[in-house]
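Observations on the three-dimensional arrangement
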Amino acid sequence: MVRVVLVLGDQLSPELSALREADRDSDVVVMAEVHGEAGSPKHHPKKIALIFAAMRKFAARLEADGWTVAYARLDDPDNAQSISSELLRRAEHFGAKEVLATTPGDWRLIAMLDEHPLAVTRLPDQRFIASEAEFEAWAKDRKDLRMEWFYREMRRKTGLLMDGDAPAGGKWNFDKDNRKPPRDDLFRPEPPVFAPDEVTNAVLDLVEAEFADHFGDLRPFGFPTTHDEARRAAEDFIAHRLEQFGTYQDAMLTGADYLYHSVLSPALNIGLLDPLELCRMAEAAYRDGKVPINAAEGFIRQILGWREYVRGIWALDGPGYTGRNALGHDRDLPWLYWGGETRMACMAEAVRSTRENAYAHHIQRLMITGNFALIAGLDPVQVQEWYLCVYADAFEWVEAPNTVGMALFADGGMMASKPYAASGNYINKMSDYCAGCSYDVKARTGPDACPFNPLYWQFIDRHAERFGQNPRMGPILATWRRMAPDDRDDILRSAADILEMMENGDRI
Ligand code: FAD
Ligand code: DLZ
Ligand code: SF4
């Protein structure tokens with residue numbers, strides 16, 4: 001009996017569980033470019049183009065491997081424009097009663113499959129190094145779900161950077177050697193650009209015609225869209241940028257959109273790269289003496305540690321996670337996130353890179369746009385929608401925990417032991433942004449004071465009771481309370497002025 005095998009736009013891996021389980025001779029693979037996924041919410045045009053181009057090329061590869069693929073292009077007249085309806089349409093056409101699917105990385109689609117009128121067999125997504133069950137077992141009965149402990153277990157499990165039972169280089173974590181501020185003369189490497197071929201060009205024309213009103217620049221487009229290109233992008237990173245990855249991981253420089261970051265997350269998250277293989281490539285570079293331990297360990301920790309950990313948190317906490325709002329924040333996302341004019345050089349720079357590249361590096365996402373959203377008290381649901389739409393690598397399983405847990409502390413400390421809130425001082429230390437900003441990073445009050453300063457202290461004041469219970473916040477609260485009452489009043493007044501301007505839609 002024929003079955004339809006669903007392959008979603010971020011499931012482009014030959015080893016996908018649904019494909020492994022399927023019968024190449026009798027089953028039909030269903031893939032669909034649909035408005036239901038691409039147009040609502042309104043994803044960045046570069047992200048849509050990446051997904052559609054990679055889907056078309058993966059479908060061609062499956063056909064060449066002997067699969068029957070029922071592929072719906074966005075402009076096919078019969079396209080039913082949602083995943084659910086496409087499954088029904090194809091099942092009816094091929095006389096199938098059953099669907100084979102790999103669990104999607106979004107609770108909305110999981111619910112759709114679980115409630116679907118056809119009989120759906122939903123298999124685990126095995127493209128992670130830790131299974132959901134493994135993460136659950138690790139988390140069970142633990143009061144404290146800190147990433148570092150999970151990461152060490154993953155090192156032991158995989159043997160990555162292990163010398164017998166001991167961590168390579170004698171330490172688990174080399175962050176002390178990392179996170180240096182930028183130097184002005186820092187070499188500014190760029191990731192490789194993959195010139196669009198005929199398939200990608202057709203997709204670019206389609207996306208231009210259909211999604212013209214979405215935030216973001218479609219062209220130039222240079223993401224890898226096949227497994228082969230993604231492998232070359234990974235090799236290029238390991239050969240040219242990994243060496244300095246750790247050292248400048250938290251640095252920010254105007255106009256340097258990528259610094260030493262890998263820019264591999266878009267390919268990784270749609271299935272064009274395998275996470276364990278990538279970690280092994282980084283380890284090999286260290287073992288061959290090509291990169292120092294702080295670089296290899298720092299990079300491997302991001303994938304083996306953070307990437308696996310956030311996916312575990314998302315799966316463990318369930319569909320309610322995206323609705324968490326522990327700090328009760330409810331301000332609307334200001335227009336400046338969508339490119340509205342702002343005096344803040346740091347925000348303008350992060351949003352510019354986001355608009356042009358569908359990419360911003362981690363520290364821009366966490367300490368600029370995320371930090372501002374946290375201290376200005378923005379509504380976590382609106383903030384999540386922004387991150388989900390604007391980044392080419394954004395899918396709920398990875399975007400939501402990073403936004404809700406890491407950036408906004410909206411899960412009340414499940415992921416982070418204290419909020420990643422910072423004043424302008426941190427941004428000034430780690431970037432060159434403040435030198436070119438019309439705000440004064442040293443000032444805490446008045447119309448020219450860096451908004452991060454009064455907003456930071458107002459955030460601390462607003463949540464003083466809650467943070468009083470957190471030993472890591474004690475010294476910051478003490479500093480706030482030691483300030484002269486008049487100074488505190490001035491700071492709170494400046495913060496209120498900024499928030500009022502923001503709410504009125506005035507330029508800040
Ligand atoms: P590099 O700096 O080169 O890091 C190497 C790899 O490590 C990345 O490709 C990624 O796979 C992994 N990694 C690093 N940090 C994280 C992390 N915190 N969580 C998961 N994986 C990590 N990452 C996404 O992949 N998708 C998202 O939607 C996403 N949203 C984010 C939202 C916020 C508010 C924050 C603070 C972070 C978010 N991240 C997200 C994590 C991180 O910023 C990106 O993975 C990283 O910027 C991708 O760029 P890169 O490939 O150059 O990463
Ligand atoms: C993100 C995305 C977009 C923009 N478009 C499609 C699409 O047209 N067809 C498809 O199968 N998948 C798409 N995706 C990816 C899905 O939204 C993704 O599978 C879920 O968000 C789960 O991660
Ligand atoms: Fe950002 Fe403040 Fe620095 Fe301006 S002064 S770039 S707003 S941190």
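Here we summarise the structure given alongside this text. These figures come from a predicted structure and were not determined experimentally.

Turning our eyes to something else, we now look at the overall build of the chain. Looking only at helices and strands, the chain has 22 helices and seven strands in total. Taking 23 Å as the expected radius of gyration for a compact globule of 508 residues, we find that the chain reaches 23 Å, a close match to that expectation. Overall, the C-alpha framework of the chain stretches about 80 × 55 × 45 Å when taken along its three principal axes. When the 508 residues of the chain are sorted by exposure, 58% land in the buried category. Summarising the internal contacts of the chain: among those between residues at least 6 apart in sequence, 74% fall at separations of at least 24.

The sheet built from five strands is open, its strands ordered β3-β2-β1-β4-β5 with parallel pairing. Lying at the two open borders of the sheet, with one neighbouring strand each, are β3 (68-72) and β5 (119-123). The mean angle between the axes of side-by-side strands here comes to 25°, regardless of whether they run parallel or antiparallel. In this sheet, strand β2 (residues 28-32) lies alongside strand β1 (residues 3-6) in parallel orientation, the contact comprising three bridges. By the bridge assignment for β2, Leu 6 is matched with Val 30. Across the sheet, helix α3 (residues 45-64) is in contact with β2 and β3; its angle to β3 comes to roughly 160°. Along the sheet, helix α5 (residues 107-114) makes contact with β1, β4 (98-102) and β5, crossing β5 at roughly 140°.

Residues in contact with ligand 2 amount to 17 residues; listed here are only the nearest, Gly 9, Asp 10, Ala 32, Val 34 and Glu 37. At 2.9 Å, a backbone N or O of Val 34 approaches an oxygen atom of ligand 2. In the complex, 98% of the free accessible area of ligand 2, which totals 490 Å², lies under the protein chains. Mapped onto the shell around ligand 2, the elements with two or more residues apiece are α2 (35-38) and α3. Its residues assigned to classes, the shell around ligand 2 comprises ten nonpolar, three polar and four charged.

Let's shift gears to helix α9 (residues 227-240). Between its first and last C-alpha, α9 extends 20 Å over 14 residues, near the 20 Å set by a 1.5 Å rise per residue. Of the residues making up α9, those classed as buried are His 227, Glu 229, Ala 230, Ala 233, Ala 234, Phe 237 and Ile 238. Tucked into the core, α9 has its buried residues touching α3, α10 (242-245), α11 (265-270), α12 (275-287) and α13 (293-317).

The next thing to look at is the pairing of β2. The buried fraction of β2 is high, at five of five residues. Across the two faces of β2 the burial is the same, with Val 28, Val 30 and Ala 32 and Val 29 and Met 31 all buried. Where β2 lies against β3, five bridges are found, and the strand directions are parallel. Looking across to β3, one finds that Val 29 is bridged to Val 69.

A separate point is the pattern of salt bridges. Taken as a whole and judged by the stated rule, the model has 36 salt bridges. Note that Asp 257 and Arg 352 form a salt bridge whose closest N and O atoms lie 2.6 Å from each other. Here Asp 257, found in the loop between α10 and α11, pairs with Arg 352, found in helix α14 (residues 345-357); they are 95 residues apart in sequence, far enough to count as distant. Relative accessible area serves as the criterion here: at 8%, Asp 257 is assigned to the buried category. Classification of Arg 352 as buried rests on a relative accessible area of 18%. Members of the salt-bridge network, linked through shared partners, are Asp 257, Glu 349, Arg 352 and Glu 356.

Another aspect to go through is unusual backbone geometry. Pro 41 follows Ser 40 through a cis peptide bond whose omega is 0°. Positionally, Pro 41 belongs in the loop between α2 and α3. In this structure, the amide linkage connecting Arg 219 to the following residue, Pro 220, adopts the cis form with an omega of 0°. Mapping Pro 220 onto the fold places it in the loop between α8 (198-210) and α9. Of note in this structure, Val 263 is not a glycine but carries a positive phi near 55°. Relative to the helices and strands, Val 263 resides in the loop between α10 and α11. At Phe 409, a position not held by glycine, the phi torsion is positive, near 55°. If you trace the backbone, Phe 409 turns up in the loop between α17 (396-407) and α18 (424-430).

So, on to the packing of aromatic side chains. Inspection of the entire model under this criterion finds 24 aromatic pairs. Taken together, a centroid distance of 4.9 Å and an interplanar angle of 85° make the contact between Phe 128 and Trp 397 edge-to-face. Here Trp 397 lies in helix α17 and Phe 128 lies in the loop between β5 and α6 (132-139), a separation of 269 residues in the sequence. Judged by relative accessible area, Phe 128 falls into the buried class, the value being 13%. Above the face of the Phe 128 ring, Arg 311 is positioned so that its terminal group lies 4.0 Å from the ring centre. Of note, Arg 365 hangs over the ring of Tyr 359, and the distance from its end group to the ring centre comes to 5.7 Å.

Thresholds, definitions, all that
Every chain is numbered independently, its residues counted from 1 as its sequence is written. Here chains are named by letter from A upward and ligands by number from 1 upward, in the order in which they appear as written. Two thresholds apply to this predicted model, a pLDDT of at least 70 for residue-level local features and 80 or more for giving and counting side-chain atom pairs, whereas whole-chain, interface and lining totals are computed over all residues. Side-chain metrics rest on all non-hydrogen atoms present in the structure, leaving aside hydrogens and water. Starting at the N terminus, helices and strands are each numbered in turn, a helix being any DSSP run of H or I of at least four residues and a strand any DSSP run of E of at least two. Based on C-alpha atoms, the radius of gyration is set beside the globule rule, defined as 2.2 Å times the residue count to the power 0.38. Buried means the residue's accessible area, taken with a 1.4 Å probe over protein chains only, is under 20% of the maximum for its type, while exposed means over 50%, and partly exposed covers the values in between. Between two residues, a contact is recorded if the distance between any of their heavy atoms is within 4.5 Å. We treat two strands as partners when DSSP finds at least two bridges between them. To define axes, lines are fitted to C-alpha atoms, for helices over the stretch in contact only, and angles between the resulting N-to-C directions are given on a 0 to 180 degree scale. Near residues are defined by distance, with any heavy atom within 4 Å of the molecule or strand qualifying the residue. The term polar contact refers here to a pair of N or O atoms within 3.5 Å; inside protein, the definition further demands a hydrogen-donor-capable atom paired with an acceptor-capable atom, and it admits residues adjacent in sequence only when both atoms are side-chain atoms. Note that accessible areas follow from Shrake-Rupley with a 1.4 Å probe, and for residues the cover is restricted to the protein chains shown. When residue character is reported, Ala, Val, Leu, Ile, Met, Phe, Trp, Tyr, Cys and Pro are called nonpolar, Asp, Glu, Lys and Arg charged, and the others, Gly included, polar. A helix is expected to reach a length of 1.5 Å times the quantity of its residues less one. Any carboxyl oxygen of Asp or Glu within 4 Å of a side-chain nitrogen of Lys or Arg constitutes a salt bridge here. Classification of ring pairs uses Phe, Tyr and Trp, with its six-membered ring standing for Trp, and accepts pairs whose centres are within 6.5 Å; under 30 degrees between planes counts as stacked, over 60 as edge-to-face, and the remaining range as tilted. Here, a charge over a ring means that NZ of Lys or CZ of Arg falls within 6 Å of the ring centre while also lying within 35 degrees of the ring normal.

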